Amino acid sequence: MTARTIRALDAPVFGVDVQSGDVRGDAPSYALVVLSPADDDPDAPDADGPMARVERDVVSLRKLRRLIEERQPSRVATDNAYELAADTNDLVGLLRSLPDGTRLVQVTGAERPEPLSRVASRHGIPYGKEPMKEAEAAARLAAANVGHVVSAFTDETTVKVSRGRSTGKGGWSQDRYTRRIHGNVKKRTRQVESELKDANLEYEREVTEKYGGYANAVFTVQARPEGIPVSNSRAGDVRVEVERERRDGITYEPIVRRRDRVVVGIDPGTTTAAAVVGLDGTVHDLYSSRTADTADVTEWIIERGRPVIVAADVERMPETVEKFRRSFDAAGWTPDSDIPVDEKLHRTREVTYENDHERDALAAALYAVDDHADQFDRITRKTPARVDREEVIARVVAGGSSVEAALTDLTDDGGDGDDGEEGGETPEGGDPTAPDRTPEEEEIRRLRRRVDRLEDHAADLEDEVDEKDERIAELEELLSEAKREERIEARERRTVSRIQRENERLEREREAAVERADDLADKLDRLKELWKIDHSDFTDVAEGRNLVSVKPVAQFTLDAIEAAEADYGLATGDVVYLRDASGAGRRTAERLAETEPRLVLRAGTVPEVAEETLFEAGVPVAPADDVEIREIDELAVASERDVREAVADWRDRAESWHRERTEETIDRIISEHRADRD
């Protein structure tokens, strides 16, 4: 990393590592290293030579977030993103809180990170096990464009314009107040849309129209928040909220896309599919098309890397795949036998693909990486930090060279690539003009190199032990949590079983009570039937109580009268109660008059023709409200006094009607007589 690299970022780079504590516990502290662009003034103080200004501090998580907000670094680098967040939701919250131009970078890789010591050694970055040195190594790696950007959001941003205050519950000026708010929202929506158009941004708009304007408007913009000329704001009646669209999970994307050495898997056929995988097994990209030709696929692969191996998923490499291999001058790989589908599904289970062709291509690439993993590790161990490891791998795997020959070709002096392996013919340095050394000196140099390798290997093993210890602690915590949940579930199961038994007992009691109620209801019906048989004319019910039996008729119709006649009979002198007196005609009234009732009590209004028929037949008719009727099921009784008064009232009305009718008849006769005389 050079000063030019730092200046190009035009913003500081933060390197962070845990100093003490744990983010899942209480009050963790962090070692913080800040790399700032070097000043143009040559006399300006510089803590780290000409490369960049370096600041070191130990801060709390709260202070770290405050510094990120204040200084807005271009990158916040760490060897593990989950050192800054307790879980995925917490990590998403951290990513959401970062300033628009700040990226969280995991310098050790994507989902399966490498030890920081190995990454730093590969890129020639100074490394130490102290937290402050690890933080500085992370910062320098991120400044050198090493690592993956941790993201939980897409490149789409939602801009929402909405009401900044409630429209209230009402008042004298409620309509004007609501109209003003909606009008201001509409005005601000047009301003936002104009700003998006001026910035040449693609967007989609959805509005909710309300009285006087808009209740809200949502813009889905194809850009990041820093590229949008609108920010969060709230002024008076209107509020503007800018928020990036959330992904389904956490993604890791390289800081810069370089044409690294890759392994390519190809599945030819009607649909051609290709998969590009890094030498460490990281899946870079997938491709499939029914219409693309060889040139299109080749161009797509070239844009994503330089193939070291071209792989197929069948035992005999197809001719199409062989053409790709020759065009890239890469090594070929095929399995010992065709890879079964279930093994492909298992090997690609952690990757999302669109079809079976992409799955087959990806499986071929991943199995090729697995098959060469030990070879890649051996080459890496033999390759000095300053030599391009991937180039050495390409020369050994695809070119057929030995590691020593590849290192000799890649080093300027022809010997820096030699690792002093036992049996090597050329001493370190490889320069034929170098002075001869004694066998003891060569042995000492060889042993020193072995000690260095063993120390590096021991450091790697220590890192692996630390990682495994952390993993064991996490698994023990998960086991403890699982046991606790199992105990809770066992208690819940016992409680559910007890409640189910109690519920079954109550169900049995309820069913027994329902059966007993049904039996009692049947018994009551039988008793009622027997009682009706014994008291068919109702006379004995009212005997000795100054009561009169009343025989209800449901409607003033022939069918209802016939039904009442069949149930309990209609005899001369009965009091008949018409529950619904409407709808009767002359024939119905004549049928009722044939029974010669003592009194007809009506609910509602009797049609005029029916009332006249009953009147002419001498059947008294009175409103049911004039007589207090007490009903018990199909039985009814009334007071004898009320019945007599109702009959007397009807008779008075009848006499008055007869008298009026007689007077009208006499007046008519007199009028006719006078008319005849004239």
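About the criteria used
- Residue numbering note: each chain is counted from 1, following its sequence as written.
- At least 70 in pLDDT is required for a residue's local features to be given in this predicted model, at least 80 for side-chain atom pairs to be given and counted, and no such filter applies to totals for whole chains, interfaces and linings, which use all residues.
- As a convention, hydrogens and water are excluded, and side-chain values are obtained from all of the structure's heavy atoms.
- DSSP-based pairing: two strands are paired if at least 2 bridges between them are found.
- Numbering of helices and strands runs from the N terminus; a helix is a DSSP stretch of H or I covering at least four residues, while a strand is a stretch of E covering at least two.
- For Phe, Tyr and Trp, where Trp contributes only its six-membered ring, two rings pair if their centres lie within 6.5 Å, and the inter-plane angle classes them as stacked under 30 degrees, edge-to-face over 60, or tilted in between.
- Remark: exposure states derive from per-residue accessible area (1.4 Å probe, protein chains only) relative to the maximum for the residue type, with buried under 20%, exposed over 50%, and partly exposed in between.
- The positive count covers Lys and Arg only, the negative count covers Asp and Glu only, and His and the chain ends enter neither.
- By definition, a salt bridge exists where a carboxyl oxygen of Asp or Glu is found within 4 Å of a side-chain nitrogen of Lys or Arg.
- By the convention used here, residues are in contact when the closest approach between their heavy atoms is within 4.5 Å.
- Between N-to-C directions, angles cover 0 to 180 degrees, with each direction set by a line fitted to C-alpha atoms, over the stretch in contact for helices.
- What makes a patch is a set of residues exposed beyond 30% relative accessible area and free of salt bridges, joined within 9 Å when like-charged and within 5 Å when nonpolar (Val, Leu, Ile, Met, Phe, Trp, Tyr).
- Surface exposure here means Shrake-Rupley accessible area, sampled with a 1.4 Å probe, where a residue is shielded only by the protein chains that are shown.
- We put the charge of a Lys on NZ, of an Arg on CZ, of an Asp on CG and of a Glu on CD.

## Overview of the pairing of strand β6 (residues 103-106)
Bridging between strand β5 (residues 75-78) and β6 involves four bridges; their strand directions are parallel. Bridging across to β6, Arg75 finds its partner in Arg103. Of the pairings in the sheet, the one linking β6 to strand β7 (residues 148-163) comprises three bridges and is antiparallel in character. Looking across to β7, one finds that Gln106 is bridged to His148.

## Digging into the packing of aromatic side chains
Using the criterion set out here, one finds four aromatic pairs in the structure. Put simply, the rings of Phe615, Trp650 and Trp657 pair up and form one aromatic cluster.

## Examining the side chain of Arg389
By secondary structure assignment, the location of Arg389 is in helix α11 (residues 389-397). Of the side chains with opposite charge, Glu390 lies nearest to the buried Arg389, which makes no salt bridge, at 4.3 Å. Arg389 has contacts with Arg122, Thr380 and Thr383, leaving out every residue within four places of it along the chain.

## Looking at the sheet that holds strand β13 (residues 272-278)
The strand order across the open sheet formed by five strands is β14-β13-β12-β15-β16, and the pairing between neighbours is mixed. Each end of this open sheet is capped by a strand with a single partner; those strands are β14 (283-289) and β16 (331-333). Strand-to-strand twist across the sheet, computed as the mean angle between neighbouring axes with direction ignored, equals 25°. As defined by bridge partners, strand β15 (residues 306-311) adjoins β16 across three bridges and the pair is classed as parallel. Looking across to β16, one finds that Ile309 is bridged to Ala331. Seen against the sheet, helix α7 (residues 294-302) touches β12 (261-267), β13, β14 and β15 and runs at an angle of roughly 165° to β14. Here α11 sits on the sheet in contact with β12, β15 and β16, set at roughly 45° to β15.

## Concerning the pairing of strand β2 (residues 29-36)
Along any regular strand, the residues point their side chains to alternate faces of the sheet. Most of β2 is tucked away: eight of the eight residues are buried. Every second residue of β2 is oriented toward a common face, with Ser29, Ala31, Val33 and Leu35 on one face and Tyr30, Leu32, Val34 and Ser36 on the other, all of them buried. Bridging between strand β1 (residues 13-20) and β2 involves seven bridges; their strand directions are antiparallel. For Ser20, the partnering residue across the bridge sits in β2 and is Ser29. Inspection of the sheet shows β2 paired to strand β4 (residues 53-60) by eight bridges, in the antiparallel sense. Each bridged residue has a counterpart across the sheet, and for Ala31 the counterpart in β4 is Val58.

## Thoughts on a positive patch on the surface
A cluster of like positive charges, contributed by Lys483, Arg487, Arg491 and Arg494, occupies part of the molecular surface. Residue placement: Arg494 occurs in helix α13 (residues 439-534).

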